[in-house]
Amino acid sequence: MKRFELFLILIVNSIFAQEKITLWPKGQMPNSKGLQLKTEEKDGRIVQIKEPELFAFSPPKEDRKPMAVIIIPGGGYYKLTYDLNGFQIAKWFNTLGISAFVLNYRLPISLDVKQREIAPLQDIQAAIKYIRKNATQYGISPEQIGVIGTSAGGHLAASVSNIPTDYTELKVDWTSIPTIPNFAILVSPVIDLGEFAHVGSRNSLLGENASQEKISEYSMQNRVTDKTPPTLLIHAQNDKTVSVMNSLLYYQAMTKNKVKGALFIFPEGEHKIGITNKSELTDQWKKLCSDWLKTLFQPK
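Reading the values: the criteria
- Every chain is numbered on its own, with residues counted from 1 as its sequence reads.
- The model is predicted, so local features are restricted to residues of pLDDT at least 70 and side-chain atom pairs to those at 80 or more, both for listing and for counting; the totals for chains, interfaces and linings are taken over all residues.
- Hydrogen atoms and water are omitted, and side-chain values are computed over all heavy atoms in the structure.
- The helix count covers DSSP runs of H or I at least four residues long, the strand count covers runs of E at least two residues long, and both are numbered beginning at the N terminus.
- For every residue, the accessible area obtained with a 1.4 Å probe (protein chains only) is divided by the maximum for its type, and the residue is called buried under 20%, exposed over 50%, and partly exposed between those limits.
- We call two residues contacting when some pair of their heavy atoms lies within 4.5 Å.
- A residue counts as positive if it is Lys or Arg and as negative if it is Asp or Glu; His and the chain ends are not included.
- Charge positions come from single atoms, namely NZ of Lys, CZ of Arg, CG of Asp or CD of Glu.
- Only buried residues count toward a nonpolar core, which is a set of Ala, Val, Leu, Ile, Met, Phe, Trp, Tyr and Cys residues joined through side-chain atoms within 4.5 Å.
- We call two strands paired when DSSP finds no fewer than two bridges between them.
- Axis definition: a line fitted to C-alpha atoms, limited for helices to the stretch in contact. Angles are taken between N-to-C directions and run from 0 to 180 degrees.
- Two kinds of site are reported from a 1 Å grid over the protein atoms alone, namely cavities, where a 1.4 Å probe fits but cannot get out, and pockets, open sets with protein on both sides within 12 Å along at least five of seven lines, and residues are called lining when an atom falls within 4 Å of a point.
- Grid points are joined across faces, edges and corners, and a volume is the space filled by probe spheres set on the points.
- The directions considered for the arc run from the helix axis to the C-beta atoms.
- Every residue gets a pLDDT, meaning the predictor's confidence in that residue, from 0 to 100.

(A) Focus on the overall build of the chain. When helices and strands are tallied, the chain shows nine helices and 10 strands. Reported as C-alpha extents along the three principal axes, the dimensions of the chain are approximately 60 × 45 × 45 Å. Relative to its 300 residues, the chain shows a buried fraction of 53%. Put simply, 78% of the contacts in the chain that link residues at least 6 apart link residues at least 24 apart. Each charge class in the chain can be summarised by its mean position, and for the 35 positive and 29 negative side chains these summaries are 3 Å apart.

See below:
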């Protein structure tokens, strides 16, 4: 019986095989004071990270599509919900034949960062570069790399979709690799840091005394242009943590700039839209997402 149980465990692990990748070459992580921090967890959430890491989840080669997605966990920019809004979502993408990478990024409140607001952005930009550079190794296309972010992770996904400046400081053959993703999926995203802000996210990212200019700069509805990649927005009308106005403002900016995409607002779901949902209607976001992804990269 024990041998059979071990066999099942091996099967499960092989289905959702994951690879841990150190994101920055040793000594090349920008925006660092060089402090030796330890990764710390509290209640299943990372509250301090030693260094950014990518976790690769690959579907079987026979089912693998050229598309890949980087998953950016939320947590208000002061913690990382890496399992619930990271690993579990990665496993779901694998069932669609889509390669998935979970990014555990530096928190802007970290004692090690010099400039808090660009640290998470540097990490997601470096992740996009790494995956594009190593696309052949993973059996994917460098032209079909997207991001999905939940809550504050949605803000980071929107940021990397709209901020063209390369903050990675990576040199030589890395400089020509673009940092803007090919598509984005934003689930219950933090977008506005002004009137409709999730105050905890804003304070963690910009500090409690941020100027109005800085608040406007990092309110992502203000950064959308015609270069913003196709974007899918998912939100719940009864979300009391991050107002649905965040998604509405972003979609309005997308429409104004003729950015392709879709917006789905569910009456229920609160700030808990994920792999498991209390409402059958809200749970449909996964099918809508899967169907929307099929519309991308079709031959013209």
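(B) Quick look at unusual backbone geometry. The phi dihedral of K258 falls on the positive side, at around 60°, and the residue is not glycine. Mapped onto the elements of the fold, K258 is located in the loop between α8 (245-256) and β10 (261-266). Note on K258: relative accessible area 73%, which makes it exposed. A positive phi angle, close to 60°, is found at F297, a residue other than glycine.

(C) Seen up close, the nonpolar core. If you look at the biggest cluster of nonpolar residues, it comprises 85 residues, and the most contacted ones within it are L54, I70, F93, I124, I185 and L293. Broken down by element, this core gets its largest block of residues, seven residues, from helix α3 (residues 119-133). Setting aside anything within four residues of it in sequence, one finds L54 in contact with E19, K20, I21, L23, I70, F101, V102, L103, A127, Y130 and I131.

(D) Up close: the sheet that holds strand β9 (residues 231-236). With mixed pairing, the eight strands of this open sheet are ordered in space as β1-β4-β6-β5-β7-β8-β9-β10. Both edges of this open sheet fall to β1 (18-22) and β10, since each of them pairs with a single strand only. Averaged over all pairs of adjacent strands, the angle between strand axes in this sheet comes to 15°, irrespective of strand direction. Here four bridges tie strand β8 (residues 183-187) to β9, and the two strands are oriented parallel to one another. By the bridge assignment, L186 is partnered in β9 with L233. Strands β4 (53-57), β5 (68-72), β6 (99-104), β7 (145-150) and β8 of the sheet are contacted by helix α2 (residues 83-95), whose axis makes an angle of about 170° with β6. Taken strand by strand, α8 contacts β8, β9 and β10, and its axis lies near 155° from that of β9.

(E) Molecular detail of empty space enclosed by the protein. Following the criterion strictly, the structure yields one cavity of 30 Å³ or more and no others. In this structure, the largest cavity occupies an estimated 50 Å³ of space. Y77, E117, P120, L121, H155, L156, S159, I163, L205 and Y218 are the residues that line the largest cavity. Only α3 and α5 (152-162) provide two or more residues apiece to the lining of the largest cavity. When residues of the lining of the largest cavity are assigned to their parent elements, the largest contribution, three residues, is made by α5.

(F) View of helix α6 (residues 199-206). For α6, the complete set of buried residues consists of S201, R202, S204, L205 and L206. Down the axis of α6, the smallest arc covering the buried residues is 170°, so these residues share one side. At its buried positions, α6 is contacted by α5 and α7 (212-217). Following α6 by one or two positions, G207 has its phi on the positive side, about 95°.

(G) Quick look at the confidence of the model for the chain. For the chain, the mean per-residue pLDDT works out to 92, and 94% of the residues sit at or above 70. The model gives residues 1-15 a pLDDT under 50, and that stretch makes one contact with residues more than four places away or in other chains.

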